[in-house]
Amino acid sequence: MKDNKNSYKLQVKNINVYYGHNKVLKNVSMHIEANTVTAFIGPSGCGKSTYLRLFNRMNDYIGNFRKEGDVFIDGRNIYDKKIEVEELRKTVGMVFQKPNPFPKTIYENIAYGLRIQGINKKNLLDEVVEHSLKQAVLWDEVKDELKKSALELSGGQQQRLCIARALAVEPSVILMDEPASALDPISTSKIEELIFELKKNYTILIVTHNMHQAGRVSDKTGFFYLGELIEFGDTKELFTNPSNERTENYITGRFG
Amino acid sequence: MKISEKIIEKGLWLSAFITVVTTVGIIWVLFSESFTFFREVSLVDFFTDTQWTPLFTKKHFGILPLLTGTLLTTVIAIAVALPVGLTIAVYLNEYAPKNLTRVVKPLLEVLAAIPTVVYGFFALIVVTPFLQGIFPGMAGFNALSPGIVMGIMIIPFVSSLSEDALRAVPNSLREASYGIGSTRFQTAFKVLVPAAASGIIASVILAISRAIGETMIVAIAAGQQPRLTLNPMVPIETITAYIVQVSLGDVPHGSLEYKTIFAAGLMLFMLTFVLNNISFWINRRFRQQYE
């Protein structure tokens, strides 16, 4: 899987997505390199969340979802019939808009991803829990209370716990769906620092409403509007010198 | 206008008042009659004597045989209703198409609407002979057959309320579980069922209450022999069945034998009262967590 001839981590080819008769993504194609952060911006309902969820097939559960086109991760077509969707999701982790820890202890939240794979060895779990929490910069805050319910943590801590939970199964891609939109400014900046750190080991895709956030954390940015990928390029370039008028109108706050 | 409002208000007040008075009245009768019973039979005898023979010449007043009879049939009923009911709840919630759920749920609730005398009859003439084919030594009256049938009767209590509890689990937890690579089965049993545990436990306790109080099925199919045993193959008697037996019999009004039904009734009331309170407490204590 790793020794693919293709140099791109993620490739999207001519994706169209429909919910019933509604076409929500229109002929989107994209290449994403490994160990980069890519931000998707655009007004509500532009299709950016649907687009993000293509990469771990979370749209599959929506009754009238239909798609045309292909998505490749490490050169593998993830919509191929041979792909086990559960296996795919172990390589493509996800962090959601609202922190959603399980109503279990902090420890069990992290261990869950391994337990469902049948891994129950205590010393291995201990190691993974510690390592994941350290990666998510939460270890120092919770190391003495791992048996505490995750629901007792603050919102920002819960979101970092959710990131640690996603990291525990060792994915190579992490999808983040507005991960800081429910958090206060301090927690938000911690999450942003974290994203910057995680980039070294992971390929990160992030949907955000917050254009400043996109500007701060991402290498590349894609601007979606009404299901179309209007512009995609280096974040600096896109924000300082957008080539499309609609992009410029959006980032300067004329609509959205 | 004013007068009609007043009449309505008084009418509403009266309905509430009647309900409360009835409840208080029943409890009063239970306690006062039991009190005169316990002046003649000591509490120690009542709870330690292993025989219950108030209708024989040599009288014993040990509640234990009736209590074990009740608990035995109830345990069998729950052993049927919990796994089946929970499986149905999980299936309807996580696997079945929404249209099917809409049809199946009311259909299941019909199970609870079948008259219990029909269930009793069903236990006696269908289930018992069938079980005798499997266990040849089984008596014609026994705890197993009515226990199983009672279990079937209370399936909707478990399935319907558990399904409600599972549906109330926030969708974000489902997404979290799927997002990390769980199968549907793992999501259902490792995330959703634990998250809905308070509602599921409350449903089971309600079902237990219902099973303990169930009368007709056990009166018909369990026999009427108070016996201190955990063997489900032999005739036993439950508290409820005993009360029926005495109420229908020719025991003189006001006699000690007659008063036994109040003592037994009080016992029954205590059991269901405590269970209902536990259920209420669990619901209130643990529900807040997810809001």
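Since we're looking at a predicted model, the values are computed, not measured.

Looking at this structure, I do not really get the confidence of the model for chain A. What am I missing?
Detailed reading of the predicted coordinates is not advisable wherever pLDDT falls low. Confidence along chain A averages 92 in pLDDT terms, with 97% of residues attaining 70 or more. Mean pLDDT across the secondary structure elements of chain A bottoms out at helix H10 (residues 245-251) of chain A, with 91, and peaks at strand S8 (residues 203-207) of chain A, with 97.

Can you walk me through the interface of chain B and chain A in this structure?
Frequently, the measure chosen for interface size is the accessible area that the parts lose on association. Chain B puts 16 residues into the contact, and the matching count from chain A is 19 residues. Contributions of two or more residues to the side of chain B that touches chain A are made by helix H7 (171-179) and helix H8 (184-195) of chain B. Considering every element that reaches the side of chain B that touches chain A, the biggest residue donor is H7(B), with six residues. Within the side of chain B that touches chain A, the residues separate by chemical class into seven nonpolar, seven polar and two charged.

What is the right way to read the sheet that holds strand S9 (residues 220-225) of chain A from this model?
Pairing between sheet strands relies on hydrogen bonds along the backbone, with the strands arranged either parallel or antiparallel. Residues and elements named next belong to chain A. With respect to topology, six strands assemble into an open sheet ordered S6-S7-S8-S3-S9-S10, the strand pairing being mixed. The sheet is open, and its two borders are formed by strand S6 (92-95) and strand S10 (228-234), each paired with just one other strand. Taking the axes of each pair of neighbouring strands and ignoring which way they run, one obtains an average angle of 15 degrees across the sheet. Note that strand S3 (residues 37-41) and S9 share four bridges and pair parallel. When the sheet's bridge partners are listed, Phe 40 is paired in S9 with Gly 222. Against the sheet, helix H6 (residues 155-168) touches S6 and strand S7 (173-177), its axis set at about 170 degrees to S6.

Mind showing me how you'd approach the packing of helix H3 (residues 106-115) of chain A against helix H4 (residues 122-135) of chain A here?
For any two helices packed against each other, the geometry comes down to the angle between their axes and how far apart the axes lie. Residue and element names in this part refer to chain A. Here H3 crosses H4 at 115 degrees, and the two axes come no closer than 9 Å. Compared by their axis directions, H3 and H4 come out roughly perpendicular. With respect to the hand of their crossing, H3 and H4 are arranged in right-handed fashion. Only Leu 125, Val 128, Val 129, Ser 132 and Leu 133 of H4 make contact with H3, whose side of the interface consists of Tyr 107, Ile 110, Ala 111 and Leu 114. Grouping the amino acids of the contact of H3 with H4 by side-chain chemistry returns eight nonpolar, one polar and no charged.

I tried to follow the domain arrangement of chain B on my own but got confused; where do I start?
All names here are of chain B. Under the domain assignment, chain B is made up of domain 1 (2-40) and domain 2 (64-290). Once you take the C-alpha centre of each, domain 1 and domain 2 turn out to be 29 Å apart. Opposite the seven residues of domain 1 that make contact, domain 2 presents eight residues. Looking at the side of domain 1 that touches domain 2, its residues break down into three nonpolar, two polar and two charged.

About the cut-offs
- Residues numbered from 1 in each chain as written.
- Chains lettered and ligands numbered in written order.
- Predicted model: local features only at pLDDT ≥ 70, side-chain atom pairs only at ≥ 80, totals over all residues.
- pLDDT = per-residue confidence, 0-100.
- Helix = DSSP H or I, 4+ residues; strand = E, 2+ residues; numbered from the N terminus.
- Contact = placed C-beta atoms within 7 Å.
- Nonpolar A, V, L, I, M, F, W, Y, C, P; charged D, E, K, R; others polar.
- Pairing = 2+ DSSP bridges.
- Axes fitted to C-alpha atoms, helices over the stretch in contact; angles between N-to-C directions.
- Parallel < 35°, antiparallel > 145°, perpendicular 65-115°, else oblique.
- Left-handed = near helix turned anticlockwise from the far one by under 90°.
- Domains from an automatic or database assignment.

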